[in-house]
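Next come the chains, spelled out residue by residue.
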Amino acid sequence: MATLAATRELRLIQRRGTRALASREMRRVLSLWTQTLLPPVLTGAIFLAVFGGALGSQLRTVAGVEYLRFILPGLLVLTVAGQAFANNSTSVFQAKNEGYIEDVLSSPMRPWQLLIAYMSGGLLRGWLAALVLWLGAWPFAGAVQQPALVVLALALTGLIFAVLGVITGMWADSFDQHAFIASVLITPLALVAGVFYSAERLGQPWRTLTRFDPIYYLVDATRHGYAGVHETPTWAGLTIAAVVAAGVFAAAVELLRRGWRLKA
Amino acid sequence: MRSGSGTDPAIGRSERDSAALWVENLDKVYADGTHALRGMSLHIPAGSFFGLLGPNGSGKSTLIGTVAGLVRAPAGHVFIFGHDVVAQAPQARLKVGVAPQDVHLDRFLSVREVLTYHGRYFGMAAPDVGHRAEELLEVFDLTGKADTRPNRLSGGMRRRLLIARALMHRPRLLVLDEPTAGVDLELRRELWTYLRRLHQHEKTTVILTTHYLEEAHELCERVAFIREGQLIAEGSVDQLEARYGASDLEGAYLTAMH
């Protein structure tokens, strides 16, 4: 009985620690809102205004959908992915670079709890920025056809890129390395993910290239939920995304358990 | 306190579980090939005030990092009040408070929040966190700076905050890695007084590393000399002076290190 009580007490302690670290991460996002929330919302709004408004009036429809309505789901995915990644890679890198991550690493929290807590800031930033962007575009882009599908696709997007952000923050030893991953991996993947165009209408090799981009399937699934059009089997794409999310989560837990690039 | 290899396992386990720190054959080689610890064994009884003395690079900070769970995969065993720091890491970490040599404080938090967040990371309940933080702010004369960011504090204040943070979750074992480095004489004396009171009244075990031998002499009941990752001598100040035929701790230390 004493052992059971001790185990329960320890779990309570660890839950409190996880909540504390998560609240610290989310507070950072909200208190630095001019750096964390305003820029992605403005960038998304500019994309919508330029591509949806100015260019959209000439393109009229893509795949039978008004251009603004066609690009909005992709912009929501890009916002969630980019912000979840940027937030977590920066926060973990800063904590590691300035040494104060040691206070967290020497706490009784389990590696998976540390990961969830660090992910929370990026998830809040990505989802909140996407929500604000959607609310601004809603009057022009129309209603969501299948909200649950959109929520699921954006949830998986957030989970995958929040974890990748944590891993990048652990890996980076300098701001250059930290920026390198965003520049050579995230931005190119985002640009060829079919946000602004239909992959079906592309010539080769661009059509094939787009289909190798994992973000493309998340964009396509979100577009299916939002506007009712899609180019790939949605549930297959989401299943693969769920497997990828579970895989990167497990990998990050193992890296944290080993103290990879965090401990001497 | 060192145990022989022929010790009865049951007695050895009992000693191990009651010791504040039980280190057995600890070995650590860093990725760059630096052999920081070479089969170190060290047993520190609960309730003692213990000094670790050695030159820079002797392995003191690696030992402390291992105790705090900040060193990757060392060979050997470390137990804190009977909890294995690897297999029972959460339980072991709850028992330890570490004030590291380098001052690293979360720049997004105020002085008060550095304490409250630390307490919450270590699972303290909300009402207790607030009371304990105010208590430590007062003890370490930081109440007036409670809402200031740590990077606006003087070096001595940051050092005090680091020790307060280590004490926040009421650890049974307090590890201080050169706590008075760069601290003026007046503050050093105040810290000595506080540490003595903590040790005597709250029965906290204290492990202290320092390059100030008078500090070790003043505070520590037992002292260990460490060189090149190995324990070379351990005992009370009087025992070490007698062993090395020295008139004071400094003489014993210099003889042991050469």
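Residues numbered from 1 in each chain as written. Chains lettered and ligands numbered in written order. Predicted model: local features only at pLDDT ≥ 70, side-chain atom pairs only at ≥ 80, totals over all residues.

1. Regarding the overall build of chain B
Regarding its fold elements, chain B presents 10 helices and 10 strands. Radius of gyration (C-alpha) of chain B: 18 Å, near the 18 Å computed for a compact globule of 258 residues. Seen along its three principal axes, the alpha-carbon backbone of chain B occupies a region of about 55 × 40 × 40 Å. Within chain B, buried positions represent 45% of all 258 residues. Long-range pairs, those at least 24 residues apart, make up 63% of the contacts in chain B between residues at least 6 apart in sequence. (Helix = DSSP H or I, 4+ residues; strand = E, 2+ residues; numbered from the N terminus. Rg over C-alpha atoms; globule rule 2.2 N^0.38 Å. Buried ≥ 20, exposed ≤ 12 C-beta atoms within 10 Å, placed from the backbone. Contact = placed C-beta atoms within 7 Å.)

2. Digging into the overall build of chain A
Across its full length, chain A holds 11 helices and 2 strands. Its helices and strands in sequence order give chain A the pattern α-α-α-β-β-α-α-α-α-α-α-α-α, from N to C terminus. The C-alpha radius of gyration of chain A comes to 20 Å, within 12% of the 18 Å expected for a compact globule of 264 residues. By principal-axis analysis of the C-alpha atoms, chain A measures approximately 70 × 45 × 35 Å. Taken across its 264 residues, chain A has 48% of its residues classed as buried. The long-range fraction of contacts in chain A, counting pairs at least 24 apart against all pairs at least 6 apart in sequence, stands at 82%.

3. Some remarks on the sheet that holds strand β1 (residues 19-29) of chain B
Backbone-to-backbone hydrogen bonds pair the strands of a sheet. The strands run either parallel or antiparallel. Residues and elements named next belong to chain B. Strand order in this open sheet of 4 strands is β2-β1-β4-β5, and the pairing throughout is antiparallel. Bordering the open sheet on either side are β2 (35-45) and β5 (83-84), each of which pairs with just one other strand. In this sheet, strand β4 (residues 75-80) lies alongside β1 in antiparallel orientation, the contact comprising 5 bridges. Paired with Trp22 across the strands is Phe79, a residue of β4. (Pairing = 2+ DSSP bridges.)

4. Digging into the sheet that holds strand β3 (residues 49-53) of chain B
Residue and element names in this part refer to chain B. One open sheet accounts for 6 strands, arranged β6-β7-β8-β3-β9-β10; its pairing is mixed. Only two strands of the sheet have a single partner each, and these edge strands are β6 (96-99) and β10 (230-235). If you compare each strand with its neighbour and ignore which way they point, the axes differ by 15° on average. Looking at chain direction, strand β7 (residues 173-177) and strand β8 (residues 205-209) are connected through 5 bridges and run parallel. Bridge assignment links Val175 to a residue of β8, and that residue is Ile207. (Axes fitted to C-alpha atoms, helices over the stretch in contact; angles between N-to-C directions.)

5. Observations concerning the confidence of the model for chain B
Residues and elements named next belong to chain B. The predicted model of chain B has a mean per-residue pLDDT of 92, with 95% of residues at 70 or higher. Of all the helices and strands in chain B, helix α1 (residues 9-18) carries the lowest mean pLDDT, 75, while helix α4 (residues 111-121) carries the highest, 98. Segment residues 1-7: pLDDT under 50, and 9 contacts once partners within four positions in sequence are set aside and those in other chains are kept. Overall fold confidence for the complex sits at a pTM of 0.92, while the interface term, ipTM, reaches 0.90. (pLDDT = per-residue confidence, 0-100.)

6. Considerations on the pairing of β1(B)
Residue and element names in this part refer to chain B. Summarising the sheet, β1 and β2 pair through 7 bridges and their orientation is antiparallel. When the sheet's bridge partners are listed, Trp22 is paired in β2 with His43. Counting the residues that bridge the hairpin from β1 to β2 gives 5 residues, and of these Gly33 lies at a positive phi of roughly 95°.

7. Quick notes on unusual backbone geometry
In this chain, Gln204(A) is followed by Pro205(A) through a cis amide linkage whose omega measures 5°. Among the structural elements, Pro205(A) can be located in the loop between α8 (175-191) and α9 (206-211). Backbone geometry at Asp141(B) places phi at a positive 55°, although glycine is not the residue there. Relative to the assigned elements, Asp141(B) resides in the loop between α5 (126-139) and α6 (155-167). The exposure class assigned to Asp141(B) is partly exposed, which follows from the 14 C-beta atoms found within 10 Å. Notably, Lys203(B) is not glycine yet its phi reads approximately 60°, a positive angle.

8. Some thoughts on the interface of chain B and chain A
Contacts between chain B and chain A engage 25 residues on the former and 26 residues on the latter. Only α2 (60-68), α3 (89-94) and α4 of chain B provide two or more residues apiece to the side of chain B that touches chain A. Residue composition of the side of chain B that touches chain A, by class: 13 nonpolar, 6 polar and 6 charged. (Nonpolar A, V, L, I, M, F, W, Y, C, P; charged D, E, K, R; others polar.)

9. Focus on helix α10 (residues 249-257) of chain B
Residues and elements named next belong to chain B. Among the residues making up α10, those that are buried are Leu249, Ala252 and Tyr253. Projected onto a plane normal to the axis of α10, the buried residues spread over an arc of 100° and lie on a single side. Where α10 is buried, its residues touch β3, α8 (213-219), β9 (222-227) and α9 (237-243). (Arc of directions from axis to C-beta.)

10. Remarks on the confidence of the model for chain A
Reading predicted coordinates in detail is not appropriate for stretches of low pLDDT. Confidence in the prediction for chain A averages 92 pLDDT; 98% of positions are at 70 or higher. Put simply, strand β1 (residues 61-62) of chain A is where chain A has its lowest mean pLDDT, 80, and helix α7 (residues 147-171) of chain A is where it has its highest, 97.

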